[in-house]
Amino acid sequence: MKNSTKVIIIEDDKDISSLIAYNLRKAGYSVEQVFDGYAAAKELRSAYFNIAIVDIMLPGLNGFDICSQIKNSDNPSRGTFVIVVSAKTSPQDKLYAHIMGADCYFAKPFSVAILLDAVNEVRDMQNREFIINQK
Amino acid sequence: MKLKLILLYVFVILISFGLTSFFLDKNLEENSLSNIQSSLISEAYLIENQISVESLKRGDVFSLDALVKILSPKIKSRITIIDKGGKVLADSERSPQDTLKMENHFSRPEINTALAGGKIGIDTRFSRTLGIDMLYIALPIKDNNQPLGVLRLALPLGDVQKTLSTIRKIVFLGLLLALGFAFVLGYIVTTRITRPINRIIQVSRKFSEGDFTHRIINHSKDEIGELSFTLNKMAQDLEDKIREIRQQNQELSAIFNSMIEGIIVVDKTSRIVSVNPAIEKIFGILNADAQGKTFLEAVRNNEISEIINNVLTQGKSLSVEVTLVLPGHRIFEVNAVPIFENDSVNGCLVVIHDITEIRRLETIRRDFVANVSHELKTPLTSIKGFVETLLEGALDDKENNRNFLKIIQNHAERLNSLVNDLLSLSYLESKNISLEINDVNLSRVADEVILGFGSQLRKKRIEVVNGLAPDILVKADEERIKQVFTNLIDNALKFNREKGAIKIYSEEFNGKIRVIVEDSGIGIPEKDIPRIFERFYRVDKARSRELGGTGLGLSIVKHIVELHGGMVGVESSEGSGSRFFFTLLK
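Below: a short report on this structure. (Residues numbered from 1 in each chain as written. Chains lettered and ligands numbered in written order. Predicted model: local features only at pLDDT ≥ 70, side-chain atom pairs only at ≥ 80, totals over all residues. Heavy atoms only, no water.)

What to know about the overall build of chain A
The helix and strand inventory of chain A stands at five helices and five strands. Mapped from its N terminus to its C terminus, chain A presents α and β elements in the order β-α-β-α-β-α-β-α-β-α. Taking the principal axes of the C-alpha coordinates as reference, chain A spans close to 40 × 30 × 25 Å. For chain A, the residues scored as buried account for 54% of the 135 residues in total. Considering only contacts within chain A whose residues lie at least 6 apart along the sequence, 63% involve residues at least 24 apart. (Helix = DSSP H or I, 4+ residues; strand = E, 2+ residues; numbered from the N terminus. Buried < 20%, exposed > 50% of the residue type's maximum accessible area, 1.4 Å probe, protein only. Contact = heavy atoms within 4.5 Å.)

Pasting the structure below:
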């Protein structure tokens, strides 16, 4: 059940990163893992990802910076769907994340199944748009 | 004042004396004149009896002349007899020959009165004949009510006038004497009155200069005495009041000067009246320099100046939080209150409260809460996620299932140690903590702790040298000190290299024992050293988590040592190890 959707996981906690990666890979996604802000920025400049799963508290650039970089740059990552996964749960943080470009916000601890549903939904939506654009 | 009083005296004397002497003189003059008149009239009646009507009828000049010549020296008056036609028949001062040559006397007022009216005629006149003032009495001589002639007596008034002028002289002399006496008396009396008044003036001048040490000494019962008493009482009251006010001012200024809050008082034109030492410290200005300047001139801060202007124009108090960048980053709560006088704004009182520390503590607390929630949620996320993953089928994934369970175990342990550390911290921070202080043998405690790390030390092949002298005793709570050693050795172990070393030793330092835990590990970057004892501060977050650290170990060490009255510190250079030390009382 392989699909062509590419997901980047930007999360400094290796266990959480591998938790998400394991489940996405099992669902057939192609997954890239980076563990700090600078590495993420570099990766986003060099390749296009359909979906980015971003933690907020990161070493180097934080998740907000990554969001705004994804949405405001000329690099290939523009159009990437941004899912924020963070232990920060205050309304201010959520609002700020949306302003900076997050499309969707998951508070830790999250349910893997629901995160996977969200990713699948985004993939389906993006595929539909792709088909419409092709027509 | 003195001169006025004397003049008043003289004036009163002059008026009373003048009036008295005027009426006395008048009365005396009239009295003596009427006396002379009446005695002259009675003499005239006596003489009239002696004049024979016959000789008068006949005009017997000689017999008449003889009569007047005899009588005149006896009554010391001039006697003249005149017939009814006014012709002089006899005169005591003239010879009969001369008498006949005298002019007709009918027109003389006294003669006329006597002849025409038949009454006694009286007149006072200057006699050209004799050259002196004369009193004339003319008595009509009648026969069967028919006027025959006139008997006139004349008396020179020279004597009367002489007597009067003597009296006048005496009165005048008396007046002069009285005036002189009045002057002297006036001088003495006024001096007596003005001397205490002058003294009162002197002392009250001192009062007005604020010198209340003098008192007016005057015990007389009169008005001056009463005035002195009142003034003295007033001075005493004023002195008491002023002392009271001064004391209140001193209290106020003591409060003003010792307040931690900065206080600025400005007038209605925004000019500084006074600032307290706290303000001097905050803005680096001097009260003496600032006085009289507008706030903006003295302190170049637009925000506070705006607040003052708002308060002065609107008359409403304001409370604003102001962040100051210079001379240092500080946060102030600025409370500005208008000062009212007669319902109009007359100035503004600004109280500046430095809330930097409060804000800093708030930030720390907020950060701590956020950190705690993050630190708890991260392992929870892994546990929850992997359990879910295993349940969703990964349980059958032979390649990963054990690994996932290991991760879950790790995180459960991390949660456990995190909860333990948090509980320790909150216990150490609570005010009612009580330490069980005993003599603690440091070397023995260190040995026990090292023993507990046995397997981990062997695994990393790290050698621990306990260089603490076996006889060192410190006053401490043994369990807490054990925790200090545990956390420091744990760190020294975690951040050490393979086959590294840990040295524990002590030295005397200012009468205290300084214990050093030295490692040969990775060291701490210089920029991180000041914050290394903060809660959840980690040089390398990922590495710390990997090693199972909670980020609270050093914070707990710091708390325990400080509760023992000691202090902690660290010296480190990146790459060559760290020396953590703490002091304890012997």
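What about the interface of chain B and chain A?
The interface is formed by 24 residues belonging to chain B together with 19 residues belonging to chain A. Roughly 1,800 Å² of surface becomes buried between chain B and chain A when both sides are summed, with 55% attributable to carbon and sulfur atoms. A per-residue breakdown of the area chain B buries against chain A is headed by His374(B), Lys377(B) and Thr381(B), which together make up 28% of the total. Remark: the boundary between chain B and chain A carries zero salt bridges. Connecting chain B to chain A are seven residue pairs in polar contact (both at pLDDT 80 or more). Counting residues per element, the side of chain B that touches chain A draws most heavily on helix α12 (residues 356-391) of chain B, at twelve residues. Taken together, the residues that form the side of chain B that touches chain A break down as five nonpolar, ten polar and nine charged. (Buried area = accessible area lost by both parts, 1.4 Å probe. Salt bridge = Lys/Arg side-chain N within 4 Å of Asp/Glu carboxyl O. Polar contact = N/O pair within 3.5 Å; in protein donor to acceptor, adjacent residues only side chain to side chain. Nonpolar A, V, L, I, M, F, W, Y, C, P; charged D, E, K, R; others polar.)

Section: helix α18 (residues 553-563) of chain B
Residues and elements named next belong to chain B. Listing the buried residues of α18 in full gives Gly 553, Leu 554, Ser 555, Ile 556, Val 557, Ile 560 and Val 561. For α18, the secondary structure elements touched by its buried residues are α13 (401-429), α16 (478-494), β16 (568-573) and β17 (577-585). Looking one or two residues beyond α18, the residue adopting positive phi is Gly 565, at roughly 80°.

Thoughts on the sheet that holds strand β4 (residues 132-143) of chain B
All names here are of chain B. Spatial strand order, β2-β1-β5-β4-β3: five strands in an open sheet with antiparallel pairing. Looking at strand neighbours, the two that pair on one side only are β2 (88-91) and β3 (121-127), the edges of this open sheet. Going from strand to strand, the sheet's axes swing by 25° on average, the running direction of each strand aside. Across three bridges, strand β1 (residues 78-83) lies against β2 in antiparallel orientation. (Pairing = 2+ DSSP bridges. Axes fitted to C-alpha atoms, helices over the stretch in contact; angles between N-to-C directions.)

Brief notes about the pattern of salt bridges
All names here are of chain B. In this structure the tally under the stated criterion is 34 salt bridges over all chains. In this structure, the salt-bridge partner of Asp 91 is Arg 78, at a minimum N-O distance of 2.9 Å. Linking Asp 91 in strand β2 with Arg 78 in strand β1, this pair joins segments that are 13 residues apart in sequence. The residues Asp 91 and Arg 78 share a single accessibility class, namely buried. In this structure, the salt-bridge partner of Arg 444 is Glu 478, at a minimum N-O distance of 3.2 Å. Remark: Glu 478 occurs in helix α16 and Arg 444 occurs in helix α14 (residues 442-452); sequence separation between them is 34 residues.

Some words on helix α5 (residues 109-117) of chain B
Residues and elements named next belong to chain B. Listing the buried residues of α5 in full gives Glu 110, Ile 111, Ala 114 and Leu 115. Along α5, the residues classed as buried sweep out an arc of 120° about the axis, all on the same side. Looking at the buried positions of α5, the neighbouring elements they touch are β1, β3, β4 and β5 (146-156). Just past α5, the residue Gly 118 takes up positive phi, approximately 65°. (Arc of directions from axis to C-beta.)

With respect to the packing of aromatic side chains
Centre distance and the angle of the planes are the two values used to describe a pair of aromatic rings. Under the criterion given, the structure shown has nine aromatic pairs over all chains. On the numbers, 5.8 Å between centres and 75° between planes, the contact of Phe485(B) with Phe582(B) is edge-to-face. Of this pair, Phe485(B) sits in helix α16 while Phe582(B) sits in strand β17, and the two are 97 residues apart along the sequence. When the ring of Phe533(B) is compared with that of Phe580(B), the centres are 6.1 Å apart and the planes differ by 85°; the resulting orientation is edge-to-face. With Phe533(B) in the loop between β15 (512-519) and α17 (541-546) and Phe580(B) in strand β17, this residue pair connects regions lying 47 residues apart in the sequence. These aromatic residues form a ring-pair network of at least three members: Tyr22(A), Phe386(B) and Phe404(B). Cation over ring: Arg535(B) sits above Phe368(B), and NZ or CZ is 4.0 Å from the ring centre. (Phe/Tyr/Trp six-rings, centres within 6.5 Å; stacked < 30°, edge-to-face > 60°. Lys NZ or Arg CZ within 6 Å of the ring centre and 35° of its normal.)

A word on the sheet that holds β15(B)
Whether parallel or antiparallel, the strands of a sheet pair through hydrogen bonds between backbone atoms. Residues and elements named next belong to chain B. Spatially, the five strands line up as an open sheet ordered β12-β14-β15-β17-β16, and their pairing is mixed. In this open sheet, the two strands that pair with only one neighbour each are β12 (463-466) and β16. Across this sheet, the average inter-strand angle for adjacent strands is 20°, counted without regard to direction. Strand direction decides the pairing type here: β16 and β17, joined by six bridges, are antiparallel. Considered in β17, the bridge of Gly 569 is made with Phe 581.

Notes on the pairing of strand β10 (residues 344-354) of chain B
Residues and elements named next belong to chain B. Bridge count for strand β6 (residues 262-267) against β10 is six bridges, and the pairing is antiparallel. The residue of β10 that forms the bridge with Ile 263 is Val 351. Inspection of the sheet shows strand β9 (residues 330-341) paired to β10 by ten bridges, in the antiparallel sense. Opposite Val 334, over in β10, you have Ile 352 as the bridge partner. Count of turn residues in the β9/β10 antiparallel hairpin: two residues, of which Asn 342 carries a positive phi of about 50°.

Points about the nonpolar core
Counting residues in hydrophobic clusters, the biggest one holds 47 residues, and the most contacted among them are Leu442(B), Phe485(B), Ile504(B) and Phe582(B). The element that contributes the greatest number of residues to this core is α16(B), accounting for seven residues. For this core, the two domains that each supply at least three residues are domain 3 (359-415 + 418-424) and domain 4 (434-585) of chain B. Among all residues touching Phe582(B), those that are not within four sequence positions of it are Val484(B), Phe485(B), Leu488(B), Ile513(B), Arg514(B), Val515(B), Val561(B), Met567(B) and Val568(B). If you look at the next biggest cluster of nonpolar residues, it comprises 32 residues, including Leu19(A), Phe81(A), Leu115(A) and Val122(A). (Core = buried A, V, L, I, M, F, W, Y, C linked by side-chain atoms within 4.5 Å. Domains from an automatic or database assignment.)

Regarding the side chain of His105(B)
Residue and element names in this part refer to chain B. Within the secondary structure, His 105 sits in the loop between α4 (96-101) and α5. With relative accessibility at 2%, the residue His 105 sits in the buried group. In this structure His 105 touches Ile 82, Gly 86, Val 88, Ile 111 and Arg 152, once residues within four positions along its chain are discounted.

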